[in-house]
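Analysis of the macromolecular model
Read off the chains here:
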Amino acid sequence: MGKKEAFEKMSEAVQEGDTETLTSAINDVINDTDPLEIIQAGMMPGLKKVGEAFGAGEIFLPEMLMATEAFQEGMKVIEPKLLETGQEVKSAGKVVFGTVITDIHEIGKNIVITLMQTHGFKVNDLGANVSPTTFVNEAEKANADIIAMSSLMTTTMTYQRDVINYLKERGLRDKYIALVGGGPVNAEWAEQIGADGTSDSAVGAVQIAEKLIAQKKGGAS
Ligand code: B12
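Residues numbered from 1 in each chain as written. Predicted model: local features only at pLDDT ≥ 70, side-chain atom pairs only at ≥ 80, totals over all residues. Heavy atoms only, no water.

Moving on: the site of the ligand. Taken together, 36 residues sit near the ligand, with Ile104, His105, Glu106, Ser150 and Thr154 positioned nearest. For the ligand, an oxygen atom lies 3.4 Å from a polar atom in the backbone of Ile107. With respect to the detected pockets, the ligand is housed in the largest pocket. The set of elements that each furnish at least two residues to the shell around the ligand consists of helix H3 (35-55), helix H4 (61-84), helix H5 (107-118), strand E3 (146-150), strand E4 (177-181) and helix H9 (202-220). Looking at the shell around the ligand, its residues break down into 19 nonpolar, 14 polar and 3 charged. Formed jointly, the shell around the ligand draws a minimum of three residues from each of two domains, domain 1 (3-84) and domain 2 (93-220). (Near = heavy atom within 4 Å. Polar contact = N/O pair within 3.5 Å; in protein donor to acceptor, adjacent residues only side chain to side chain. 1 Å grid on protein atoms, 1.4 Å probe; cavity = no way out; pocket = protein on both sides within 12 Å on 5 of 7 lines; lining within 4 Å. Sits in = over half its atoms within 2 Å of the grid points. Helix = DSSP H or I, 4+ residues; strand = E, 2+ residues; numbered from the N terminus. Nonpolar A, V, L, I, M, F, W, Y, C, P; charged D, E, K, R; others polar. Domains from an automatic or database assignment.)

In terms of domains, the chain is made up of domain 1 (3-84) and domain 2 (93-220). Distance between the C-alpha centres of domain 1 and domain 2: 25 Å. If you look at the interface, domain 1 gives 12 residues, while domain 2 gives 7 residues. The contact between domain 1 and domain 2 buries some 800 Å² in all, and 82% of this surface belongs to carbon and sulfur atoms. When residues of domain 1 are sorted by the area they lose upon contact with domain 2, Leu36, Leu82 and Leu83 head the list and together hold 45% of the total. Joining domain 1 to domain 2, the criterion identifies 1 residue pair in polar contact (both at pLDDT 80 or more). (Contact = heavy atoms within 4.5 Å. Buried area = accessible area lost by both parts, 1.4 Å probe.)

Scanning the model with the defined rule gives 10 salt bridges in all. Here Lys109 makes a salt bridge to Glu106, at a shortest N to O gap of 2.8 Å. For Lys109, a relative accessible area of 1% translates into the label buried. One network of salt bridges, with partners in common, ties together Glu106, Lys109 and Asp125. (Salt bridge = Lys/Arg side-chain N within 4 Å of Asp/Glu carboxyl O. Buried < 20%, exposed > 50% of the residue type's maximum accessible area, 1.4 Å probe, protein only.)

Here we come to the coordination of the cobalt atom of the ligand. Of all protein atoms, His105 (NE2) alone acts as a donor to the cobalt atom of the ligand, lying 2.3 Å away. By secondary structure assignment, the location of His105 is in the loop between strand E1 (93-100) and H5. (Donors = N, O, S within 2.8 Å, 3.2 Å for Na, K, Ca; no water.)

A few words now on the nonpolar core. In terms of nonpolar packing, the biggest core is built from 45 residues, with Met10, Ile38, Met43, Met116, Phe121, Ile146 and Leu179 touching the most fellow members. The biggest single contributor to this core is H9, with 7 residues. No fewer than three residues from each of domain 1 (3-84) and domain 2 (93-220) sit in this core. Core analysis: the second largest hydrophobic core is formed by 24 residues, Val100, Met157, Tyr166 and Ala195 among them. (Core = buried A, V, L, I, M, F, W, Y, C linked by side-chain atoms within 4.5 Å.)

Shown next, in the form of structure tokens:
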């Protein structure tokens, strides 16, 4: 099977929540395809269509859940390959990463975390539904460089601002690089709430993290 055909099959399988077809299409190409390309060109288009159909009222929560389950099973096949591509480099920096309070979407966060790990970041995954207090306490405990927040809903993105305000309240704002991301987040929002950066892709997230860490370390010496 050609790559294009395999990617189309993956997208359809995600939409149908068909784990078996998805994992078999992934296995067909995994040995000679960039694992990130499989996620981006094969699996994510399927999830995007599911989101659109849900938004349009054409499908309901159970279908969205089935698509999620298939996606996550697919990730289990891809993740080891993705981690293999990472070189053992000295720690690029420490990150605490979570999805904001009342938001349980984790797929994007998990992809960004895996890619950060392949680039030498030490990431403490706080999971989903993370309160501002937990973000900041965990960052303090880990002596982190970066606090990274994911949010997938317009109704929860405001909690990213709460984390930043809470940092300010505790007099810790300048100690951390604050990164924000997730579906509704863009550069304008990041600037508005006083975050240090954002990206709409996992690759971009790693690049901005690397850039800001270099600036921070450069500035500190
Ligand atoms: C999968 C999914 C679910 C799954 C989540 C499972 C899980 N464990 O994650 C389930 C089925 C549980 C779910 C539940 C709900 N969902 Co939902 N869901 C989705 C869906 C289809 C895909 C999200 C996703 O994973 N995308 C793929 C990932 C890879 O993309 P991503 O998260 O954006 O991440 C990328 C970038 O943004 C970036 N990134 C992500 N995080 C970060 C962080 C940083 C720091 C940086 C730099 C970058 C970065 O890198 C990632 C990789 O490229 C979206 C539709 C959509 N188009 O987004 C709806 C969607 C987000 N859901 C929606 C809704 C409404 C809900 C529910 C409220 C439904 C309900 N009635 O119960 C609940 C919410 C429950 C809650 N309290 O959170 C709406 C939100 C609308 C809004 N208000 O904004 C959407 C947009 C669907 C729609 N069109 O209506 N959902």
